[in-house]
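# Structural features, examined
Residue-level listing of the chains:
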Number of protein chains: 4
Amino acid sequence: MIVVLRPHTSPKGIEEVIAEISRLGYEPAPVHGATQTIIAAIGDETTHQTLESLTALPQVERVLRVQKRYKLASRESHPEPTVVRVGDLEIGGGKFVLMAGPCSVESEEQLLETARRVRQVGASVLRGGAYKPRTSPYEFQGLGKEGLRLLELARAETGLKIITEVLSERDVEHVSASADILQIGARNAQNFQLLIECARSGRPVLLKRGMSERIEEWLLAAEYILAHGNPNVMLCERGIRTFETYTRNTLDLAAVAIAKRESHLPVIVDPSQGCGRADLVAELCKGAVALGADGLLIEVHPNPAEAVSDGQQQVDFESFGRLVEGIKPFVAASGRSL
Amino acid sequence: MIVVLRPHTSPKGIEEVIAEISRLGYEPAPVHGATQTIIAAIGDETTHQTLESLTALPQVERVLRVQKRYKLASRESHPEPTVVRVGDLEIGGGKFVLMAGPCSVESEEQLLETARRVRQVGASVLRGGAYKPRTSPYEFQGLGKEGLRLLELARAETGLKIITEVLSERDVEHVSASADILQIGARNAQNFQLLIECARSGRPVLLKRGMSERIEEWLLAAEYILAHGNPNVMLCERGIRTFETYTRNTLDLAAVAIAKRESHLPVIVDPSQGCGRADLVAELCKGAVALGADGLLIEVHPNPAEAVSDGQQQVDFESFGRLVEGIKPFVAASGRSL
Amino acid sequence: MIVVLRPHTSPKGIEEVIAEISRLGYEPAPVHGATQTIIAAIGDETTHQTLESLTALPQVERVLRVQKRYKLASRESHPEPTVVRVGDLEIGGGKFVLMAGPCSVESEEQLLETARRVRQVGASVLRGGAYKPRTSPYEFQGLGKEGLRLLELARAETGLKIITEVLSERDVEHVSASADILQIGARNAQNFQLLIECARSGRPVLLKRGMSERIEEWLLAAEYILAHGNPNVMLCERGIRTFETYTRNTLDLAAVAIAKRESHLPVIVDPSQGCGRADLVAELCKGAVALGADGLLIEVHPNPAEAVSDGQQQVDFESFGRLVEGIKPFVAASGRSL
Amino acid sequence: MIVVLRPHTSPKGIEEVIAEISRLGYEPAPVHGATQTIIAAIGDETTHQTLESLTALPQVERVLRVQKRYKLASRESHPEPTVVRVGDLEIGGGKFVLMAGPCSVESEEQLLETARRVRQVGASVLRGGAYKPRTSPYEFQGLGKEGLRLLELARAETGLKIITEVLSERDVEHVSASADILQIGARNAQNFQLLIECARSGRPVLLKRGMSERIEEWLLAAEYILAHGNPNVMLCERGIRTFETYTRNTLDLAAVAIAKRESHLPVIVDPSQGCGRADLVAELCKGAVALGADGLLIEVHPNPAEAVSDGQQQVDFESFGRLVEGIKPFVAASGRSL
């Protein structure tokens, strides 16, 4: 770390900081500038206590970290891209992956009809929420275990893999029994206890970025899962919260390229949450492909206007078909196949 | 709700929307303007399904809610301010409440020394984290049950009430057995399963605002607790995430006045998290008082430079004493007492 | 507009609002719901005074606009895409346009060397700042008129069109004499007097989006130029300011698709400002193409490490060559040519 | 500055950076850590070229500034608070200053009535916009020179000082002839040419913070005015743009305390723009006083519901009277007088 002292700190004040740095196990290396002294603190920042508390001293202006805080998630520690295997499906390899399905599982007919259709068009994973995190307690909270049963039914019929969100530590065990991939939503992006529980399930985990989570924090959340023994983590960009109101969120497509560079984990993009408008989804998908995403997570519904949740961001079957046709040239341009 | 149609929608397109509105149980009342038609949908928005999914129809431009989404949390439903009682302590009444203590419980000596000191200066509640949500899995995660034991010890000696954060649904039962007030942190602000579990414990709950949570969403999170049978909820403003980097967060003091107006719940301000800099805490406390907060939650440590977490935002004993002296004229100016 | 009254407003209170709406020239159409009344105010919102001031009345909760505020910039008013002609160059047609060059014009050698190189690789417009808006008064402010002279020299030699930023109303005349396209930077995105002056020059104008400008505001800024008689406006997305610190700005690529849909104006993307990191520029360019941008504005420097401004976001010649090769398959995938 | 190299940079790569640092006039002091080398670059950062361009080198990870970028605006350079004198009025001394008046100057009657009333209640400066920066070109743009004439009239009658916004370099001369204080609005916060022109006028300048301007950037904008020879600068916090939609802006009251600490300049708060809602203005004023503001800039209108601009944030005479009564105890608590 680097400890920046305030201008004109006395020699005694400098000595005091040097002593604290030593006490905390770092080797202090002071550099005296014209008006300000900085002290480089040599030592492994990921195993030593942070020196940030030193800013409590009046003569300390700032403390800066030098090393990256994530290890297992970093590209340095694992230069080859991670390929997450879900049965015979590979995510993060050369094949671009489509995950699609309704926001909420609503009924057997709704789910099966959707499953058949997205499979026909090229999806290999079926999404559908059985447990729904809703802003208001008065909104539809999902079908729960009945929803999981319907997802299993859809898998049995279509062979699609199943991804579904888990909201509670207590649900991890039975959701893991039904689902092929566990999804952590944006509201739980730093619910570390849930992350740890999902890690322990052994199931692949798709980890969404929080609404105002910095990329470093997102990778550190992934680090929680990796550090608890589960290497099968996928990152999912789903838009961040900004001042813009035209869209529900601002899809941060640069974050896709950054996550691919900083980390070895597959990156999936959720354009439906990312903009909250069905009419923009197809175009954002092209962007996601161009920036190097390994797959897409898209909300599809037989009749969005009657959806019990988030109809405004779900595309219908016909639009989904066109969308998949539309991204094909971009998948090819990016050197991959669908 | 109000459904805004696109300019020049055909009579047939208008009819289709009217039919959907009726089908969903609202009474449609169309108003035809020069170029655009709007349709007011009359009906209780909190019991009917939202019409937002109608934007999936190509002729629908936007859907606007009219009613407020929170009921139990609203001032309309409960015109008198709620006073939360914690034993003989009242929060939200005429007496201004100080909650203070270390970020993390680190040791018996650290905690008891702090407890004695903050009590002496006027605090009535002791804060201290036994379970810590840390951005990195490699950082100190709290003493857990041993931390709770030390908090009980401090209460036994000083008579202070105890507030501590709960991170996991599985911890609610035993944390409730030790703590007088359960704290929900910013990262779990929309972890609805944890909110419901805390509601069921019957303990008073202090609910922090999420890092990028709108005020409406914050009140809806409180609504989850109220709707699950627990009326003893306190709101806590702790800063929101913005582009500014001088402070760790941007303390939204307007939100204090807004929450007091929109809701009947007590509002507490956490200036330590709110700015992340010990040197600004005393001044922010004055602002919180002026804007009508019912109390403060302040991080105090015997030696911040050696704190195991967030030393940069903890004040030492001397500063805390000065801080309390400093706010007294403002508490008096606001017609309350300390 | 729609005026939403507070719940339980008295008939007298409703009448008062209706009277105000009439007085301001709208036809009021009240709709009475279960607990709340809304009043649709029929009339052209772009020619009548806004009703937003009515929220000053205690019984008015909110006022909502129905119509779009921009007219000339809207796709409705001009369904065909605008093609901006700069001599023989067309921007916004089927050909994808590359604008490239140094952040600042530094010297004849630097500029000419860059001009030759970017032309060779496929650029048709040379960028280069002669007047630089710098955060600090102590930073390099540009070569001014000497910079303009060098840009003219580069045009004479290479045939490239010239784009350069104008900072002051007083510079518009002489910058227009040298430049083919006037650039309005993000800091002046709502400097309406400068916009009007540029409109009057008759030169094509590239209008950057402000750091925290909503898309509606950006189009309204374009409306200022259009309404002052200059139809040759290009919009330029250059990243917005968010909480993320990995990049200097967050490039809002969804805004490209939105601007193309809402407006008929060409949209250019500036990935250099958009992320502030040379190592991400090539990937963001692919995303910009995929989302439908009509061109790119890229900072290129012979030796970025020695650039007098923003070296960290300028690419060198070799990187620029690779970048152009890299986007070709995406330009083809989007049905256009380079 | 501090140059942080990437882990495992070769000795040759380190040498290359050291040579560049020397070439740019700094003295390089490398410190070799376990995996990463940092190089402190000793030298005056405000007179040497920034080293940030060195991140263009592949082995450079980041470049960090050590020194503050503002000099004349800094508290270090000028430990005593600046008192701006406007005739016999002192701003930034022990007396708290009220600036009040309509958003726009609309008519002689409106302005004079307001001037008399705000003077009676304790204001010493009259605000009123003659030139209005409006988001849309179709909105009222101000009365211009006629507005200035009315402001002079109001001053002649009431003795109030006049503050009014200047939008254009070309207007500075004649606005300076009429106004006692020039106001730079948020949209022009980094319109440096306008700042320089205002500096040259010799008139005191009130500089609003931009919508997404960091505190450092705000102080650097002030530095532009100071460095061009005008020491009479007041900073004005008027809310920043965030994701919150309940208020128009998020008033950053912490910024008041920070600006007072980092700088010697007086700080004024504009709560009207700061929240965009008349019903919150009185409470925000108390907060502004508590955080150490030197004065307030408040929008007051005889009949806000009929105001031609921003009626929703203007308070009427009765509310303004109550507001002033309401802040008095807080002004006293802060050791000042009204």
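Residues numbered from 1 in each chain as written. Chains lettered and ligands numbered in written order. Predicted model: local features only at pLDDT ≥ 70, side-chain atom pairs only at ≥ 80, totals over all residues.

## Section: the overall build of chain A
The helix and strand tally for chain A stands at 10 helices and 14 strands. Taking the principal axes of its C-alpha atoms as reference, chain A extends roughly 75 × 40 × 40 Å. Within the span of chain A, comprising 338 residues, buried residues form 62% of the whole. (Helix = DSSP H or I, 4+ residues; strand = E, 2+ residues; numbered from the N terminus. Buried ≥ 20, exposed ≤ 12 C-beta atoms within 10 Å, placed from the backbone.)

## Describing the interface of chain A and chain D
On the chain D side, the residues contacting the 19 residues of chain A number 19 residues. Looking at the side of chain A that touches chain D, the elements with two or more residues in it are β1 (2–5), β2 (27–32) and β3 (37–42) of chain A. Considering each element in turn, the side of chain A that touches chain D owes the most residues, 3 residues, to β3 of chain A. Grouping the amino acids of the side of chain A that touches chain D by side-chain chemistry returns 12 nonpolar, 4 polar and 3 charged. (Contact = placed C-beta atoms within 7 Å. Nonpolar A, V, L, I, M, F, W, Y, C, P; charged D, E, K, R; others polar.)

## Examining the relation of the copies chain A and chain B
Rotating chain A by 180° about the axis while translating it 0.0 Å along that axis superimposes it on chain B, leaving an RMSD of 0.0 Å. On the angle and the small slide along the axis, the relation comes out as a two-fold axis. In terms of proximity to the rotation axis, the leading residue of chain A is Ser212 of chain A, whose C-alpha is 3.0 Å off the axis. When the interface residues of chain A are mapped onto chain B, 100% of them again fall at the interface, so both copies present the same face. (Least-squares fit on C-alpha atoms with pLDDT ≥ 70 in both.)

## Examining the sheet that holds strand β10 (residues 181–184) of chain D
All names here are of chain D. Ordered in space as β7-β8-β9-β10-β11-β12-β13-β14, the 8 strands form a closed barrel in which the pairing is parallel. The average undirected angle you get between the axes of adjacent strands in this sheet is 25°. Judged from the 3 bridges that link them, strand β9 (residues 161–165) and β10 form a sheet pairing that is parallel. Residue pairing in the sheet places Glu165 in a bridge with Gln183 of β10. Each of β7 (97–101) and β8 (125–127) touches helix α2 (residues 108–121); the most contacted strand, β7, lies at about 160° to it. (Pairing = 2+ DSSP bridges. Axes fitted to C-alpha atoms, helices over the stretch in contact; angles between N-to-C directions.)

## With respect to the sheet that holds strand β10 (residues 181–184) of chain B
Within a sheet, adjacent strands bond to each other through the backbone by hydrogen bonds, running parallel or antiparallel. All names here are of chain B. Taken together, the 8 strands give a closed barrel; going around it, the order is β7-β8-β9-β10-β11-β12-β13-β14, and neighbouring strands pair in parallel fashion. Direction aside, the axes of adjacent strands within the sheet are offset by 25° on average. As paired elements, strand β7 (residues 97–101) and strand β14 (residues 295–299) share 5 bridges and run parallel to each other. Paired with Gly101 across the two strands is Glu299, which belongs to β14.

## What about the confidence of the model for chain A?
A low pLDDT score tells you not to read the predicted coordinates there in detail. The predicted model of chain A averages 96 in pLDDT, with 100% of residues at 70 or higher. What the predictor reports for the complex is a pTM of 0.97 with an ipTM of 0.96. (pLDDT = per-residue confidence, 0-100.)

## Notes on unusual backbone geometry
Residues and elements named next belong to chain A. Notably, His8 is not glycine yet its phi reads approximately 65°, a positive angle. Looking at where His8 falls in the secondary structure, it is placed in the loop between β1 and α1 (11–23). Taking the C-beta count within 10 Å as the criterion, His8 has 11 such neighbours and is therefore assigned exposed.

## Points about the interface of chain A and chain B
Facing 42 residues of chain A, the contacting portion of chain B comprises 42 residues. Secondary structure elements with two or more residues in the side of chain A that touches chain B: α5 (192–201) and α6 (215–227) of chain A. Element by element, the count of residues in the side of chain A that touches chain B is highest for α6 of chain A, at 5 residues. Looking at the side of chain A that touches chain B, its residues break down into 17 nonpolar, 15 polar and 10 charged.

## Here we look at the pairing of strand β12 (residues 233–237) of chain A
Residues and elements named next belong to chain A. Among the 5 residues of β12, 5 are classified as buried, and the element is accordingly described as predominantly covered. The alternating pattern of β12 places Val233, Leu235 and Glu237 and Met234 and Cys236 on opposite faces, both of which are buried. Pairing between strand β11 (residues 205–208) and β12: 4 bridges, direction parallel. Bridge pairing links Val205 to Val233 in β12. For the crossover from β11 across α6 to β12, the handedness is right-handed. In the sheet, β12 pairs with strand β13 (residues 267–269) via 3 bridges, with the strands oriented parallel. Within β13, the residue paired with Glu237 across the bridge is Val269. What joins β12 to β13 is helix α7 (residues 254–262), and the crossover it makes is right-handed. (Right-handed = clockwise from strand over helix to strand, strands pointing away.)

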